[in-house]
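Structural characterization, general
Listed below, chain by chain, are the residues.
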Amino acid sequence: MGGMQTLPHPARDEIRIEAVLHALADPVRLHIVRELAQCPDGVSCGVMDLGISPSTLTHHVRTLREAGVVFVRPRGTSRISSLRRDDLDALYPGLLNGVLAAPR
């Protein structure tokens with residue numbers, strides 16, 4: 001079976017607030033989260049105009065994934081990222097809405 005491997009993600013009960021807040025504290029990652037909030041079906045982060053190198057983008061998306069903020073799934077030769085809004089809302093009600101509503 002070819003294609004990309006499925007990446008590891010924390011289960012809902014493994015998501016820790018410290019990791020989530022650390023992931024959201026970076027301006028680039030916060031920008032990614034705001035973009036993903038507009039795309040409920042997810043998007044390849046490579047199509048976002050972030051002004052950073054592909055390797056830096058990979059680092060930021062990995063940090064968000066490992067913290068449990070985003071889910072990344074392979075689709076063809078791309079990786080599609082989507083917000084784990086249901087998990088984050090269940091664990092930390094209002095956190096994501098507050099972060100997304102904060103002034104830029």
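Here the structure is a predicted model, which means the values were calculated and not measured. (Residues numbered from 1 in each chain as written. Predicted model: local features only at pLDDT ≥ 70, side-chain atom pairs only at ≥ 80, totals over all residues. Heavy atoms only, no water.)

Pairing in this open sheet of three strands is antiparallel, and the strands run S1-S3-S2 from one edge to the other. Each having just a single partner strand, strand S1 (43–44) and strand S2 (70–75) make up the two edges of the open sheet. Lying on the sheet, helix H2 (residues 27–37) is in contact with S1, S2 and strand S3 (78–83); it crosses S3 at an angle near 85°. The strands touched by helix H3 (residues 54–67) within the sheet are S2 and S3, with S2 carrying the most contacts at an inclination of about 120°. (Pairing = 2+ DSSP bridges. Helix = DSSP H or I, 4+ residues; strand = E, 2+ residues; numbered from the N terminus. Contact = heavy atoms within 4.5 Å. Axes fitted to C-alpha atoms, helices over the stretch in contact; angles between N-to-C directions.)

On to the nonpolar core, then. In terms of nonpolar packing, the biggest core is built from 24 residues, with Ile32 and Val69 touching the most fellow members. Those elements giving two or more residues to this core turn out to be helix H1 (17–24), H2, H3, S2 and helix H5 (95–101). Excluding residues that lie within four positions of it along the chain, Val69 makes contacts with Val20, Ala23, Leu24, Val33, Leu64, Ser82, Leu83, Arg84 and Leu88. (Core = buried A, V, L, I, M, F, W, Y, C linked by side-chain atoms within 4.5 Å. Buried < 20%, exposed > 50% of the residue type's maximum accessible area, 1.4 Å probe, protein only.)

Remember that the coordinates give geometry; whether it matters functionally is a separate question.
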